[in-house]
Amino acid sequence: MGFLRRLWGAFKNIAILFSFTVNLILVIVLALLYLQLSSLKSTVNQTVGRLEEIAQDLGSTHISTTIPIRQSVPVAFELPVQQDTVVVTLAPVPITTVATFQLPGGGGTINGTVFIHLPAGTRLPVRLNMTVPVRTQIGVSFDQPVDIALGASGLDPVVGKLLLLLKDLKALLDMIPGP
C-alpha cells in the first residue's frame, strides 16, 4: 500500500506539473494569437478605410475625353418646290400642237396643227409646283468633347452597395477584440 501511495503522489506531481506546463503554453499561444489578431485587425481596418475612400471617389469620378466622329449620314426627305422662275432655251425648240381657230363674225372653226420653232435664248416664265425626292449621304466629320459623370450615369447605386458592404465589414471587424 505504501508503494501505491508513493506512486499516486508521483502521478499527482507529474499531472500537476504537466497541467501547469500545458496551461502555460496555451496562455502564451493565446497571447501570441491575440497580438497577431490585433495586428491583422488594424491592417484590415486601414484597408477597409482606404476602400471606402476609393468607393466614394469612384462615385464622383468623371471621364473626360474627345470622341472623333467620322461617318456618312443618310438623308432622305421630300422637298416641296413652289416657285415662279424663268427658263431660257439653250437650243431651238420645235413645238407641234393641235389648234382650233374660231373665225370672226361667225365664219366657222378651223382645226389644224401648228408648227412653231422657239429660237435659242427664248425666255419662258414657268411656275414650278412639285415635290422633289432627296436621297443622299452627307459626310460628317468633327471631334466631340465629352465629360461623363460616372455617378450620375448609373454608377451611384453600385457605389452605394459597395459602401454598405464595407460598412458591414467594418462592423464585423469592430466585434473582434483588440485595439
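Look up a bit, the structure's there.
Everything quoted here is computed from the prediction, not taken from an experiment.

Overview of the overall build of the protein chain
- The helix and strand tally for the protein chain stands at two helices and four strands.
- Sequence-ordered secondary structure for the protein chain, helices as α and strands as β, is α-β-β-β-β-α.
- Each of the three principal axes of the protein chain carries a C-alpha extent, and together these read 175 × 35 × 25 Å.
- The 179 residues of the protein chain split such that 10% are buried.
- Put simply, of all contacts in the protein chain between residues at least 6 apart along the chain, 82% involve residues at least 24 apart.

What to know about helix α1 (residues 2-59)
- The first and last C-alpha atoms of α1 sit 83 Å apart over 58 residues, in line with the 86 Å expected at 1.5 Å per residue.
- All buried positions along α1 are accounted for by Ser 38, Lys 41, Val 48, Gly 49, Glu 52, Ala 55 and Gly 59.

So, the pairing of strand β3 (residues 108-118)
- Relative to β3, strand β2 (residues 93-103) runs antiparallel, the two sharing 11 bridges. The residue bridging Ile 95 from the neighbouring strand is Ile 116, located in β3.
- Between β2 and β3, which pair antiparallel and follow one another directly, the connecting turn spans four residues, one of which, Gly 105, has a positive phi of 70°.

Some remarks on the packing of α1 against helix α2 (residues 151-175)
- Contact geometry of α1 with α2 gives a least axis separation of 9 Å together with a crossing angle of 165°. One element, α1, and the other, α2, form an angle in the roughly antiparallel class. Considering only the axes of α1 and α2, their crossing is left-handed. In contact with Lys 41, Val 44, Asn 45, Val 48, Leu 51, Glu 52, Ala 55, Gln 56, Leu 58 and Gly 59 of α1, α2 contributes Gly 151, Leu 155, Asp 156, Val 159, Leu 162, Leu 163, Leu 166, Lys 167, Leu 169, Lys 170, Leu 173 and Asp 174.
- Looking at the contact of α1 with α2, its residues break down into 12 nonpolar, four polar and six charged.

Observations regarding the side chain of Lys 41
- With respect to the helices and strands, Lys 41 occurs in helix α1.
- Its relative accessible area of 5% is what places Lys 41 among the buried residues.
- A distance of 3.4 Å separates a polar atom in the side chain of Lys 41 from the backbone oxygen of Leu 173.

Analysis parameters
- Per chain, residue numbering runs from 1 following the sequence as it is written.
- For this predicted model, a pLDDT threshold of at least 70 governs which residues receive local features, and a threshold of 80 or more governs which side-chain atom pairs are given and counted, while totals over whole chains, interfaces and linings are taken from all residues.
- Side-chain metrics rest on all non-hydrogen atoms present in the structure, leaving aside hydrogens and water.
- Starting at the N terminus, helices and strands are each numbered in turn, a helix being any DSSP run of H or I of at least four residues and a strand any DSSP run of E of at least two.
- Type-normalised accessible area, obtained with a 1.4 Å probe on protein chains alone, sets the label of each residue: buried when under 20%, exposed when over 50%, and partly exposed for intermediate values.
- By definition in these notes, contact holds between two residues if any of their heavy atoms fall within 4.5 Å.
- Every helix has an expected span of 1.5 Å times one less than the residues it contains.
- DSSP-based pairing: two strands are paired if at least 2 bridges between them are found.
- Only the stretch in contact is used when a helix axis is fitted, and all axes are lines through C-alpha atoms; the angle between N-to-C directions ranges over 0 to 180 degrees.
- Orientation categories follow fixed angle ranges, with anything under 35 degrees roughly parallel, anything over 145 roughly antiparallel, 65 to 115 roughly perpendicular, and all other angles oblique.
- For any pair of crossing helices, the crossing counts as left-handed if the nearer helix is rotated counterclockwise from the farther one by less than a right angle, and right-handed if it is rotated clockwise.
- Nonpolar residues are Ala, Val, Leu, Ile, Met, Phe, Trp, Tyr, Cys and Pro. Charged residues are Asp, Glu, Lys and Arg, and all others, Gly as well, are polar.
- In protein, a polar contact requires one atom able to donate a hydrogen and another able to accept it; more generally it is a pair of N or O atoms within 3.5 Å, and residues adjacent in sequence count only if both atoms are side-chain atoms.

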